[in-house]
Amino acid sequence: MTVTALCHGEGCRGGHTRRRASAGTRLCRQCRDHLAAGLAELAHLYEECGRMLGGGAPGSLRERTTGGDLPGLPFNGAAADVRARIVSVLGSWSGLVAQQRGLAAPPRTAPALTSFLLRHADWLAAHPAAAEASEEVARLVRAGRRAAFPDPARRIRLGACPQPDCAGALALAAREGERDAARAIVCDADPAHRWTSDRWSELSDSMDGADSGRPAGGAAAPPAERWLAGADIAQLWQVPMGTVYRLASEERWRRRNRAGRTYYNESDVRSCFSRRAARR
């Protein structure tokens, strides 16, 4: 295949500076990794949207509708549409790969289609349609996030403010599509106590002391454990959801299930990302 010198990936196409494509492909390394992370995330978004169909998750149609309950089970049309699109898009790209590589097509399920495409991600990155694949997957991930997590602004509660003599609590307001630089961690007692979200790793260390407090006897209590949803981790460490799910499995983060949602131990997550940063 003939490849171009500049990346045609979704992350480079609209930017002022386009990175060079990796040797033998049409995507730079970042866009290739972003494509793979998007594919992995689609399988999880398919499951998250499935939970929304039952109406039990926050933001379901039953909870947002006024004027009385709907008859029967609530139905979330946006989540159903995204699930159908995920299977359709993944099936289309899997069909292309299978046909042109002389392979058997995978079963038409989101997990099987995702696994198949991830195995052939490097081949897809070198295909003339790599730009379209990158753009379509990224667009579908955004639609999946909106359907699975419909709140336009979610406040992620993080723990006690570490500033001396402050009784406030910190939270991050996360809005879909908001630029990373616009996100801030803010104290609810004093808005002057604020940090940019990229300082979360160092800030959380100092929060351990604020959470523990010091009882009358003088001995410090152990730091309170914090538990974060996958979407919260992606926002705080600014990584794709696919990376969160992969690391949670590889690093064996401790987890809890509440109301159908999985939450990960914040200290495990923080240690993992600290080690990754040190290796860089």
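It should be noted that the structure appears before, not after, this text.
Conventions adopted
- Residues numbered from 1 in each chain as written.
- Predicted model: local features only at pLDDT ≥ 70, side-chain atom pairs only at ≥ 80, totals over all residues.
- Heavy atoms only, no water.
- Helix = DSSP H or I, 4+ residues; strand = E, 2+ residues; numbered from the N terminus.
- Buried < 20%, exposed > 50% of the residue type's maximum accessible area, 1.4 Å probe, protein only.
- Contact = heavy atoms within 4.5 Å.
- Areas by Shrake-Rupley, 256 points an atom, 1.4 Å probe, with all protein chains shown as cover.
- Axes fitted to C-alpha atoms, helices over the stretch in contact; angles between N-to-C directions.
- Parallel < 35°, antiparallel > 145°, perpendicular 65-115°, else oblique.
- Left-handed = near helix turned anticlockwise from the far one by under 90°.
- Nonpolar A, V, L, I, M, F, W, Y, C, P; charged D, E, K, R; others polar.

## Comments concerning the overall build of the chain
Stage number 1. Broken down by element type, the chain carries 10 helices and 7 strands.
Stage number 2. Split into buried and exposed, the 280 residues of the chain put 45% on the buried side.
Stage number 3. Sequence-distant contacts, at least 24 apart, represent 52% of the contacts inside the chain between residues at least 6 apart.
Stage number 4. Accessible surface, the chain: about 14,700 Å² in total, of which carbon and sulfur atoms supply 50%.

## Considering the environment of valine 97
Stage number 1. Along the chain, valine 97 turns up in helix H3 (residues 77-101).
Stage number 2. Put simply, valine 97 and leucine 117 are 20 residues apart on the chain and 7.9 Å apart in space, counted from C-alpha to C-alpha.

## Things to note about the packing of H3 against helix H6 (residues 130-148)
Stage number 1. Running from amino to carboxyl end, H3 crosses H6 at an angle of 160°, the nearest separation of the two axes being 9 Å. Here H3 is positioned roughly antiparallel relative to H6, judged by the angle of their axes. As for how H3 packs across H6, the hand of that crossing is left-handed. Listed contacts from H6 to Ala78, Ala79, Val82, Arg85, Ile86, Val89 and Trp93 of H3 are Glu132, Ala133, Glu136, Leu140, Ala143, Gly144 and Ala147.
Stage number 2. Residue composition of the contact of H3 with H6, by class: 10 nonpolar, 1 polar and 3 charged.

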